Amino acid sequence: MSDSAARERDAAETESAFSHPAVPPDASAAYGSHPDQVIDFYAPRGGRTGAPVVVLLHGGAWRAPYDRAHVSPFADFLARRGFAVASVEYRRGSELPQQRGSGPVAGRWPETFDDVAAAMDALPELLTRELPAADGRRIVVTGHSAGGQLALWAAARHVLPEGSPWRLPRPPALRGVVALAPIADFASAAALDVCSGAVGQLLGPAEDFAGRSAYADPSRLLPTGIATVVVQGTTDLTVPVAVSEAFVDTAAKEGETVGLTLLPDVGHFPLIDPAADACAVVAEEIAQLAW
């Protein structure tokens, strides 16, 4: 496929994914005092009880213009497949341009990670209150793109360096992680300039890159002992397949098997597009871990 044809298909996939109207949640609850510290809850359709929980972390290069609204159709799709869904919002980068760039800044250090950790810690109590029919003993974390990085990170807090404020004393009680086209290996993502330098912006000044990577880069937080699957389109122009392959290869070197489901001729956004066949594959991967 020519470069122009690939770009045209990517544009069509993106348009499809963003064409769905936002789906309001069944309930929302704050896990902190900041307006972005909120979780939207989607109850399993059909009144199912004992449904496993999917914690959903949206992507958008950790940048402020992209919030959880764009994954609400995906959250609804999962709810219609019988899952209880907790869609997490978190603080992202400022909309003011970076000094050395022209676009929105990616992420905040340390607030982005403060929020994901706080949301995960608050989840059991919030589930009991907002989705009492859900089975909080069966939780799968999923995330797309930058949210895939956060999903992998949320499952790896017990292997964070000593002294980290986000470190857990034991592995989180998760059935597993399904990371969707995740920014899972910071070195390869930076080398490929994924999302126009988003990784560098997330970690801050160049002198902080190496030190902060040890606390944030999923490929440096291995092995976790948590069942992990990566779903990746082979024609993804936003987060190339090489980033996922680097993460999976690193995991293997650390003695951990990470599943890699490659979807031929699939780009970045079909993974969260309810109209795309790839979205059904994602739901099945989640179900394999949840049930």
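Residues numbered from 1 in each chain as written. Predicted model: local features only at pLDDT ≥ 70, side-chain atom pairs only at ≥ 80, totals over all residues. Heavy atoms only, no water.

K.L.:
What should I look at first to understand the overall build of the protein chain in this one?
P.N.:
What the protein chain contains, in helices and strands, is 9 helices and 8 strands. Taken over the C-alpha trace, the protein chain has a radius of gyration of 18 Å; the compact-globule value for 291 residues is 19 Å, and the two agree within 12%. Expressed along its principal axes, the backbone C-alpha trace of the protein chain runs to roughly 50 × 50 × 40 Å. Burial analysis of the protein chain (291 residues in total) assigns 55% to the buried set. Expressed as a percentage of contacts within the protein chain between residues at least 6 apart in sequence, the contacts between residues at least 24 apart total 77%. Of the roughly 11900 Å² of accessible surface on the protein chain, a fraction of 51% belongs to carbon and sulfur atoms. Where the 22 positive side-chain charges of the protein chain centre and where its 35 negative ones centre are 6 Å apart. (Helix = DSSP H or I, 4+ residues; strand = E, 2+ residues; numbered from the N terminus. Rg over C-alpha atoms; globule rule 2.2 N^0.38 Å. Buried < 20%, exposed > 50% of the residue type's maximum accessible area, 1.4 Å probe, protein only. Contact = heavy atoms within 4.5 Å. Areas by Shrake-Rupley, 256 points an atom, 1.4 Å probe, with all protein chains shown as cover. Lys, Arg positive; Asp, Glu negative; His and termini not counted. Charge placed at Lys NZ, Arg CZ, Asp CG, Glu CD.)

K.L.:
Hey, could you run me through the environment of leucine 221 in this one?
P.N.:
Counting through the fold element by element, leucine 221 comes out in the loop between helix 7 (209-216) and strand 7 (228-233). Its relative accessible area of 2% is what places leucine 221 among the buried residues. Put simply, leucine 221 and alanine 251 are 30 residues apart on the chain and 9.1 Å apart in space, counted from C-alpha to C-alpha.

K.L.:
Mind showing me how you'd approach the side chain of aspartate 40 here?
P.N.:
If you trace the backbone, aspartate 40 turns up in strand 2 (residues 38-42). Within the structure, aspartate 40 has its side chain in polar contact with the side chain of serine 28 (distance 2.6 Å). The residues contacting aspartate 40, other than those within four sequence positions of it, are Pro25, Ala27, Ser28, Arg68, Val85, Ala86 and Ser87. (Polar contact = N/O pair within 3.5 Å; in protein donor to acceptor, adjacent residues only side chain to side chain.)

K.L.:
It is not clear to me how the pairing of strand 1 (residues 27-30) should be interpreted in this structure. Could you clarify?
P.N.:
One face of the sheet, then the other: side chains in a regular strand alternate in exactly this way. Every second residue of strand 1 is oriented toward a common face, the buried set being Ala27 and Ala29 and the non-buried set Ser28 and Ala30. As judged from the 4 bridges shared by strand 1 and strand 2, these two strands associate in the antiparallel manner. Considered in strand 2, the bridge of alanine 29 is made with isoleucine 39. (Pairing = 2+ DSSP bridges.)

K.L.:
What should I look at first to understand the packing of aromatic side chains in this one?
P.N.:
The geometry of an aromatic ring pair comes down to the distance between the two centres and the angle between the two planes. Taken as a whole and judged by the stated rule, the model has 8 aromatic pairs. An aromatic cluster of three or more residues is present, and its members are Trp109, Phe113, Trp153 and Trp166. (Phe/Tyr/Trp six-rings, centres within 6.5 Å; stacked < 30°, edge-to-face > 60°.)

K.L.:
Would you mind going over the confidence of the model for the protein chain with me for this structure?
P.N.:
Interpretation of this model should avoid reading the predicted coordinates in detail wherever pLDDT is low. Averaged over the protein chain, the pLDDT score is 95; the fraction of residues at 70 or greater is 97%. Model confidence for the protein chain, summarised as mean pLDDT per element, is weakest for helix 1 (residues 3-17) at 93 and strongest for strand 6 (residues 176-180) at 99. (pLDDT = per-residue confidence, 0-100.)

K.L.:
What's the story with the pattern of salt bridges in this structure? I'm lost.
P.N.:
When their charged atoms lie close together, side chains carrying opposite charge are able to pair. Across all of its chains, the model carries 15 salt bridges by this definition. Aspartate 135 is paired through a salt bridge with arginine 137; the nearest N and O atoms lie 3.0 Å apart. Look at arginine 137 and you get exposed, because its relative accessible area is 71%. Here glutamate 162 makes a salt bridge to arginine 167, at a shortest N to O gap of 3.3 Å. Look at glutamate 162 and you get exposed, because its relative accessible area is 65%. For arginine 167, a relative accessible area of 30% puts it in the partly exposed group. Overlapping salt bridges, with partners in common, bring together Asp36, Asp40, Arg68, Glu89 and Arg92 in one network. (Salt bridge = Lys/Arg side-chain N within 4 Å of Asp/Glu carboxyl O.)

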